[in-house]
Amino acid sequence: MARKKILVTGGAGFIGGNFVQYMVNKYPAYDIYNLDLLTYAGDLTKHRNIESRDNYFFIKADIADPDTMIPLFDKERFDYVVHFAAESHVDRSITDPGVFVRTNVLGTQVLLEASKRIGLSKFIHVSTDEVYGELDFDPNTFFTEDTPLQPNSPYSASKASSDLLVRAYYETYGLPMNITRCSNNYGPYQFPEKLIPLTISRLLTNEKVPIYGDGKNIRDWLHVSDHCSAIDLILHEGGNGEIYNVGGYNELSNLEIVKMIMAILGKSEGFIEFVPDRLGHDKRYAINPAKLAELGWKPAYTFENGIGQTILWYLENKQWWEGILNGEYEHYFSKQYVSLKNG
Ligand SMILES: Cc1cn([C@H]2C[C@H](O)[C@@H](COP(=O)(O)OP(=O)(O)O[C@H]3O[C@H](C)C(=O)[C@H](O)[C@H]3O)O2)c(=O)[nH]c1=O
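The structure presented is a predicted model; accordingly, all values stated were derived computationally and were not measured. (Residues numbered from 1 in each chain as written. Predicted model: local features only at pLDDT ≥ 70, side-chain atom pairs only at ≥ 80, totals over all residues. Heavy atoms only, no water.)

A. Region of interest: the pattern of salt bridges. Using the criterion set out here, one finds 18 salt bridges in the structure. For Arg102, the salt bridge is made with Asp62, and the minimal N-O distance between the two is 2.8 Å. You can see Arg102 sitting in helix H4 (residues 97-116) and its partner Asp62 sitting in the loop between strand S3 (56-60) and helix H2 (66-76), a full 40 residues away along the chain. Judged by relative accessible area, which is 17%, Asp62 ranks as buried. (Salt bridge = Lys/Arg side-chain N within 4 Å of Asp/Glu carboxyl O. Helix = DSSP H or I, 4+ residues; strand = E, 2+ residues; numbered from the N terminus. Buried < 20%, exposed > 50% of the residue type's maximum accessible area, 1.4 Å probe, protein only.)

Put into structure tokens, the structure is as follows:
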């Protein structure tokens, strides 16, 4: 297999971090460059096991800074970019939308500009089903790749904007690309601000779990490993310019999820606390991943297996999420790939 250079942005975060591990282990002949700004949701302790590998490199840098990105791309001439780096928490986007526009929109445009100069083989833009807006509770309705974009939150609007920029660079400059739109991910190393890790960590510390509104909102849950295998497949087999939805065939209401976790951990439903609803809270997301299935993808995890494995992981890695909650890992990185500015 020919040696390839793959830039993974956001590789210190949850999904990007799982993808870095997946690629470093699966493809010894690929050099994996993890580029991350190490914001509040990024930590490198998750990569201690691979930091001495020959095919893993780390770059601490800001994707929205063209003065760093352009020379970096000019020098390294990556074969592929897999772009995860993003502000991703909907609640934060409601209180502070500006940083979402800077990272998700401007950051993507800077990466596209840097990519178009170097004859990149492919730019994989990792996006979200939230760009399609919301569905009602009719179980026969699904998002497909042709569903019009109708983002509701500042977060999803920033992701939809970045999707359109990727499309524009494909249409205007011929930059090879795929856009992937995933449903809600869960699994090891998810930052404990999102529903599943928040529920697990609260219950393990005997704190109440806040449920927004009536808890009937529905999400489609996908194990992060299955998301990684989907991106791997799309990277190698995806048709140029195509969009692929990645879903878990697994719709559950928030209340169902929380009660399931409570049952597994042996906690009473008295730990549920109904709190005021999220502003503009999307009712339901559901994906039809048929187009991806045609490429040969199917998820390996059932939700029952995945949630069990995830809860076990949080039980066995209490130190990690407690450290995260206490802000202990902010400055941890031991193998830094020096950016161009430093030579
Ligand atoms: C944190 C929290 C959430 N919720 C509700 C709100 C949602 O209906 C559901 C999941 O919320 P969460 O913030 O975990 O995820 P989403 O807002 O669905 O968005 C997530 O999945 C998509 C695909 C992305 O693209 C986002 O980046 C990702 O954050 O639980 C609660 O009821 N209580 C809570 O404390």
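B. Fine view of the sheet that holds strand S2 (residues 30-36). Taken together, seven strands build an open sheet; the order of strands is S3-S2-S1-S4-S5-S6-S10 and the sheet is parallel. Strand pairing shows two members of the sheet lacking a second neighbour, S3 and strand S10 (243-246), which therefore form its edges. Averaged over all pairs of adjacent strands, the angle between their axes in this sheet comes to 20°, without regard to strand direction. In the sheet, strand S6 (residues 177-182) pairs with S10 via four bridges, with the strands oriented parallel. Paired with Ile179 across the two strands is Ile243, which belongs to S10. Against the sheet, H2 makes contact with strand S1 (4-9), S2, S3 and strand S4 (80-83), and its axis sits at roughly 175° relative to S2, the strand it touches most. Sitting on the sheet, helix H5 (residues 154-173) touches strand S5 (122-128) and S6, and the angle it makes with S5 is about 155°. (Pairing = 2+ DSSP bridges. Axes fitted to C-alpha atoms, helices over the stretch in contact; angles between N-to-C directions. Contact = heavy atoms within 4.5 Å.)

Shape is all these values report; function is a separate question.
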